[in-house]
Amino acid sequence: MAAVSTRPATVVILDYGAQYSQLIARRAREARVYSELLPYDTPWNEIEKRRPGAIILTGGPESTLAPDAPGLDPGVLASGLPILGICYGMQLLARDLGGELVPLAHREFGPAQLCVDANDSSLFLGVAPESRVWMSHGDSVVAPPPGFVALAHTSRCAIAAIGDEARRIFGVQFHPEVVHTDYGSAVIENFLHRIAGIAGDWDMGSFVETAIAGVRAEVGAASVICALSGGVDSAVAATLVSRAIGKQLTCIFVDTGLMRKDEARNVLAAFRDVLHLSVIGVDAEERFLARLAGIEDPEEKRIRIGHEFIAIFEEEAKKIPGVKFLVQGTLYPDVIESKTPGSKAGHKIKSHHNVGGLPERMDFGLIEPLRLLFKDEVRAAGRVLGLPKAIVERQPFPGPGLAVRVLGACDRERLETVRRADWIVTSEIDASDDLAPKPWQYFAVLTPLRSVGVMGDGRTYANLVAVRAITSEDGMTADWARLPHALLERISTRIVNEVPGVNRVAYDITSKPPATVEWE
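It should be emphasised that the depicted structure is a prediction, and the values quoted were computed from it without experimental measurement.

**Regarding the sheet that holds strand 14 (residues 365-367)**
Across the sheet, which stays open at both edges, the five strands sit in the order 12-11-10-13-14 with parallel pairing between neighbours. A strand with exactly one partner marks an edge of an open sheet, and here the two such strands are strand 12 (279-283) and strand 14. Direction aside, the axes of adjacent strands within the sheet are offset by 30° on average. Here strand 10 (residues 223-228) pairs with strand 11 (residues 249-255) via five bridges, running parallel. Each residue of the ladder has a partner; that of A227, found in strand 11, is I252. Packing of helix 10 (residues 298-317) onto the sheet brings it into contact with strand 10, strand 11, strand 12 and strand 13 (323-327), and relative to strand 11 it is tilted by some 135°.

See the structure below:
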């Protein structure tokens, strides 16, 4: 997105491929500091354009001792800016500034007890002398660089933090960004506010204002189309872009036949009548079913769905004069799980139809104004934009829709089976007002398994449906929802009795990680 004339004080986070790098950006925003996440090999002249007030180096899966280890532009160290290295980032600082590192015989992963050795260090002000931290590393610093002192240790890591107060450069071997580290937020806030001197005056209103200005500058007088899915992501993205360019935006809603019960009709009504957006509806159910016929591999499903979406958008765009851009509601969890060029050092988990499923060449440029936000931050942006509660608080739904909730090949019959089961799960949980916490996402999955049952005194051999309900804040990590047994019983009884071809229901009690939210 094009730069705008005014910027809040910014912390630039250089991403070395840690699976939860964006959590660092999240903690910075919680401290009300604007953050931007950039690939680790972004040249200094590009970093400098952000006018950063500080630099954070993330963790990563590689070893700094490897000959081809991801490095750091020397301009960062020469800038004089405050720097915080986390895990790999600390090892990189130690290596490049003259410290000594060794590989560990066994990787340290999990909780550890941190002992602060330098109680007067500005990085550890307000941090208890001993507290729990989260470790995940295979190399270790055994001697800090010249000018640095060791600030903390654990029983297995003699140097768990280093610092040079004069140069305002610090490193921590543990991960302060994760909730498993007791004083992690305090460490990050100390770095941002006390060490870097950045005021905590950024908020979501500032983000929305900057994003609107950026879209307006990038688009100019061109026409833009927006891919509407019906979820909160595309709703917020469309509303934000509409505020920027008004009638230059045309929204396109594609009924793929892969949506939940009554969803296509309700989405069109909401965007036209409530949000007052210009929306074109496209009935493409037959096209998507044809593209998915016989396809069982989930990655292939996502890629085919992504390509078909783009094909339809390109067809519709040709009917609108001057279209040069496509708006998508891509979020950062989509980006890092798909391992796009913007997250070069990450390890791919799965493709998302609006990220990894896009063809390499398209007839228009992409505008993704929410690309650096988590789901809860998108909801906050929606509230700033004045979207109705029913849209802002709508539970997440995957871009490929029910295609990834039918395990194996999709056809109209199997889609209808999971659609009916999903409606029962949704309606029962929505009607339970006393759930605490309310699940963040909940749905049904049609598995490829069949089992023997007894119904009406006769033998059956029918489908197994799995129910998934999770609690989460941002979709990056999640826990399975502890639903009351009576509620689970009602859901199971209704599915078996009301959905033809189903005789067994299972409840998924797996967290993320090791699982993902969706089964595919």
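**Looking at helix 8 (residues 263-274)**
Every α-helix winds through 3.6 residues per turn, so residues three or four apart in the chain are directed the same way. With 12 residues, helix 8 should reach 16 Å at 1.5 Å per residue; the first-to-last C-alpha distance of 15 Å fits that figure. Those residues of helix 8 that fall on the buried side of the exposure criterion are E263, A264, V267, L268, A270 and F271. Projected down its long axis, helix 8 carries its buried residues within an arc of 160°, all on one side. Across helix 8 from its buried face, at more than 90 degrees, point the exposed residues R265 and D273. Buried residues in helix 8 make contact with strand 10, helix 7 (232-245), strand 11, strand 12 and helix 13 (389-392).

**Brief notes about the environment of G382**
Topologically, G382 is positioned in helix 12 (residues 375-384). Distance in space between the C-alpha atoms of G382 and V208 is 9.3 Å, their sequence separation being 174 residues. Not counting the four nearest positions on each side in its chain, G382 is found in contact with V236, L387 and V392.

**Overview of helix 4 (residues 88-96)**
With seven of nine residues buried, helix 4 lies mostly within the body of the structure. All of the buried residues along helix 4 are Y88, G89, M90, Q91, L92, L93 and A94. In the stretch just after helix 4, G98 is the one whose phi turns positive, near 100°.

Scoring rules and cut-offs
Residues numbered from 1 in each chain as written. Predicted model: local features only at pLDDT ≥ 70, side-chain atom pairs only at ≥ 80, totals over all residues. Heavy atoms only, no water. Pairing = 2+ DSSP bridges. Helix = DSSP H or I, 4+ residues; strand = E, 2+ residues; numbered from the N terminus. Axes fitted to C-alpha atoms, helices over the stretch in contact; angles between N-to-C directions. Contact = heavy atoms within 4.5 Å. Expected span 1.5 Å × (residues − 1). Buried < 20%, exposed > 50% of the residue type's maximum accessible area, 1.4 Å probe, protein only. Arc of directions from axis to C-beta.

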